[in-house]
Amino acid sequence: MVRLPATKELYNPTLQALRNLGGSGTIHQINAEVAKLLQLAGKPRRGHRVSLHRARSHLEIYGLLENPRTRFWALTAAGQNTEQVDPDDVQRVRRQSAEQGIQEKNDSLASGEATAIFDGDEETEMTQVPIPTQKELYNPTLQALHNLGGSGTNQEIYDEAIKIMHITDEQLAILWHKGGGDLGGGITSTVVGHRIAWALTHLKMYGVLENPGRGVWALTEK
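The following paragraphs examine the structure supplied in this document. Keep in mind that this is a model prediction, so the values were computed, not measured.

Things to note about the packing of helix α7 (residues 154-164) against helix α9 (residues 191-206)
Next, step 1: The contact between α7 and α9 brings their axes to 11 Å, and the two run at 115°. On the basis of the axis angle, α7 is roughly perpendicular to α9. Viewed along their axes, α7 and α9 form a crossing whose handedness is right-handed. On the side of α7, the interface is formed by N154, I157, Y158, A161 and I162, while α9 contributes V192, G193, I196 and L200.
Next, step 2: Looking at the contact of α7 with α9 residue by residue, the class counts come to seven nonpolar, two polar and no charged.

Now the structure itself:
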């Protein structure tokens, strides 16, 4: 059985893949190039795709990649001048960024500025960061599938929907504390991810989506 590379093991191959592609490329092109560099047989599997997604996000936080448009990534000026990175340093910067976001949120809560509340199933929490409700995610989720050509994986729909809604890092940092509700493929179980997952389920019940395979969704004729 092929061992899935850890996220930190994908930082340098991702940079090399983008260099091989001339400095920029689509998610599909980057994933395929990394798979070739690592001699992974066949198309990248879902587990690979999730790890690759995380690697790109971490390298963006580190300042070596940018995401100028949907499903497209490019090396920044710093990325173009970087041959190799220290994976531990990338993860250190990522942790610092996450800790800073949490601290800023806690500071806002401590200042008494919290104004919005979750409208979760059984759990209501005060938060400075407003989160789109499940109902507010129905149309963006449908639009995401239209943008993807009518079908997509959990990961693709999630990525597209958060771009359409201009979801911020602060919103994505709010975790779904009950556990479960994970959108699939190891994606962090955030409140946004939890609600997109339920939006998909409800749209299927409404008849506008179908679920032809595990982790895959498609628009129906309706």
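So, next bit.
Considerations on the pattern of salt bridges
Next, step 1: A full pass over the atoms with the stated rule returns four salt bridges.
Next, step 2: In this structure, D89 and R92 form a salt bridge, with 2.5 Å as the shortest nitrogen-oxygen distance. With D89 and R92 both in helix α5 (residues 87-110), this residue pair falls three residues apart, about one helical turn.
Next, step 3: For R92, a relative accessible area of 36% gives the class partly exposed.

So, unusual backbone geometry
With the exception of glycine, most residues fall at negative phi, and the peptide bonds are largely trans.
Next, step 1: The backbone of H166 shows a phi angle near 55°, a positive value even though the residue is not glycine.
Next, step 2: Relative to the helices and strands, H166 resides in the loop between α7 and α8 (169-172).
Next, step 3: Taking the relative accessible area as the measure of exposure, H166 reaches 65% and is therefore exposed.

What about the pairing of strand β3 (residues 72-75)?
Next, step 1: What you see with β3 is no split at all: F72 and A74 on one side and W73 and L75 on the other are buried throughout.
Next, step 2: Of the strand pairs in this sheet, strand β1 (residues 24-26) and β3 are connected by three bridges, and their pairing is antiparallel. Bridge pairing links G25 to W73 in β3.
Next, step 3: Of the strand pairs in this sheet, strand β2 (residues 65-69) and β3 are connected by three bridges, and their pairing is antiparallel. Directly across from R69, in β3, lies its bridge partner F72.
Next, step 4: Hairpin connection between β2 and β3: a loop of two residues separates the two successive antiparallel strands, and R71 in this loop has a positive phi of roughly 60°.

Cut-off values and rules
- Residues numbered from 1 in each chain as written.
- Predicted model: local features only at pLDDT ≥ 70, side-chain atom pairs only at ≥ 80, totals over all residues.
- Heavy atoms only, no water.
- Axes fitted to C-alpha atoms, helices over the stretch in contact; angles between N-to-C directions.
- Helix = DSSP H or I, 4+ residues; strand = E, 2+ residues; numbered from the N terminus.
- Parallel < 35°, antiparallel > 145°, perpendicular 65-115°, else oblique.
- Left-handed = near helix turned anticlockwise from the far one by under 90°.
- Contact = heavy atoms within 4.5 Å.
- Nonpolar A, V, L, I, M, F, W, Y, C, P; charged D, E, K, R; others polar.
- Salt bridge = Lys/Arg side-chain N within 4 Å of Asp/Glu carboxyl O.
- Buried < 20%, exposed > 50% of the residue type's maximum accessible area, 1.4 Å probe, protein only.
- Pairing = 2+ DSSP bridges.

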